[in-house]
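# Residue-level structural notes
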Amino acid sequence: MKKGISPILATVLLVGLTVALVAGIASWTLNLRESTTKFAEQQQQLLELEGFNFEVLNVENTGISRDNKLIEIKIINNENYKIYGFIAVEYNENNNIGTLNINDEINPYETKIISLEVLPQTAKLRLIPIVKPDKDLLTLHNADITIRVP
């Protein structure tokens with residue numbers, strides 16, 4: 001005579017499996033909703049910053065230090081968001097030759113002079129602003145400005 005599991009044990013196992021499956025699906029659904037909401041918020045922030053505007057008023061060569069050029073860049077922030085810095089990409093006449101992190105902050109509607117040390121062969125500098133509209137820092141590649149370095 002063959003023996004199987006008791007009907008009570010089978011019921012307990014089926015109920016346990018069902019509860020575990022429902023808990024797993026609920027957890028997955030909540031995580032999906034949270035990540036989708038965060039992505040939508042980031043996209044909304046980017047749309048709000050679509051026309052982000054800052055201007056370079058002046059670029060001046062102020063000398064040489066340890067074989068590098070010293071320059072000063074006068075920048076005005078035309079927006080209601082603080083600029084937390086810039087990524088500066090250095091170019092000679094044709095190629096990318098280096099990257100600098102500029103940590104100077106510019107408050108909304110403020111004008112500031114930033115001093116930089118760049119490579120001697122730097123002919124152009126691409127400034128990419130970094131802002132923080134909410135909790136996260138955003139690098140605004142669509143709001144960059146390329147300037148000539150004297």
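One can find the structure itself at the top, above this paragraph.
Residues numbered from 1 in each chain as written. Predicted model: local features only at pLDDT ≥ 70, side-chain atom pairs only at ≥ 80, totals over all residues. Heavy atoms only, no water.

A separate point is the overall build of the chain. A count of helical and extended segments in the chain gives 1 helix and 8 strands. Reading the secondary structure of the chain in the N-to-C direction produces α-β-β-β-β-β-β-β-β. Among the 150 residues that make up the chain, the fraction classed as buried is 25%. In the chain, the proportion of contacts linking residues at least 24 apart, taken out of those at least 6 apart, comes to 61%. A total accessible area of about 9900 Å² is found for the chain, and carbon and sulfur atoms account for 55% of it. (Helix = DSSP H or I, 4+ residues; strand = E, 2+ residues; numbered from the N terminus. Buried < 20%, exposed > 50% of the residue type's maximum accessible area, 1.4 Å probe, protein only. Contact = heavy atoms within 4.5 Å. Areas by Shrake-Rupley, 256 points an atom, 1.4 Å probe, with all protein chains shown as cover.)

Overall, the coordinates contain 4 salt bridges when judged by the stated rule. Across the pair Lys82 and Glu105 runs a salt bridge whose closest N-O atoms are separated by 2.8 Å. Remark: Glu105 occurs in the loop between β4 (96-102) and β5 (111-118) and Lys82 occurs in the loop between β2 (68-77) and β3 (83-91); sequence separation between them is 23 residues. For Arg148, the salt bridge identified is with Glu93, shortest N-O distance 3.4 Å. In this pair, Arg148 sits in strand β8 (residues 145-148) while Glu93 sits in the loop between β3 and β4, placing the two residues 55 residues apart along the sequence. (Salt bridge = Lys/Arg side-chain N within 4 Å of Asp/Glu carboxyl O.)

Another point: unusual backbone geometry. Although it is not a glycine, Asp67 adopts a positive phi angle of roughly 70 degrees. Secondary-structure assignment places Asp67 in the loop between β1 (54-65) and β2.

Moving on, we get to the nonpolar core. Residues Ile73, Ile75, Phe86, Leu116, Leu125 and Leu127 are the most contacted members of the largest nonpolar core, which totals 22 residues. Mapped by element, the contributors of at least two residues to this core are β2, β3, β4, β5 and β6 (124-131). The contact partners of Phe86, leaving out residues within four places of it in the chain, are Phe54, Ile75, Leu100, Asn101, Ile102, Ile106, Ile114, Leu127, Ile128, Pro129 and Ile130. (Core = buried A, V, L, I, M, F, W, Y, C linked by side-chain atoms within 4.5 Å.)

Before going further, it helps to spend a moment on the sheet that holds β5. Paired through their backbone hydrogen bonds, the strands of a sheet run either parallel or antiparallel. A sheet is described by the order of its strands in space; here 3 strands give the open sequence β1-β2-β5, paired in antiparallel fashion. If you trace the sheet from one side to the other, it starts and ends with β1 and β5, each paired once. Between one strand axis and the next, the sheet turns by 20 degrees as a mean value, whatever way the strands run. In the sheet, β1 pairs with β2 via 10 bridges, with the strands oriented antiparallel. Within β2, the position partnered with Val59 by the bridge is Ile73. (Pairing = 2+ DSSP bridges. Axes fitted to C-alpha atoms, helices over the stretch in contact; angles between N-to-C directions.)

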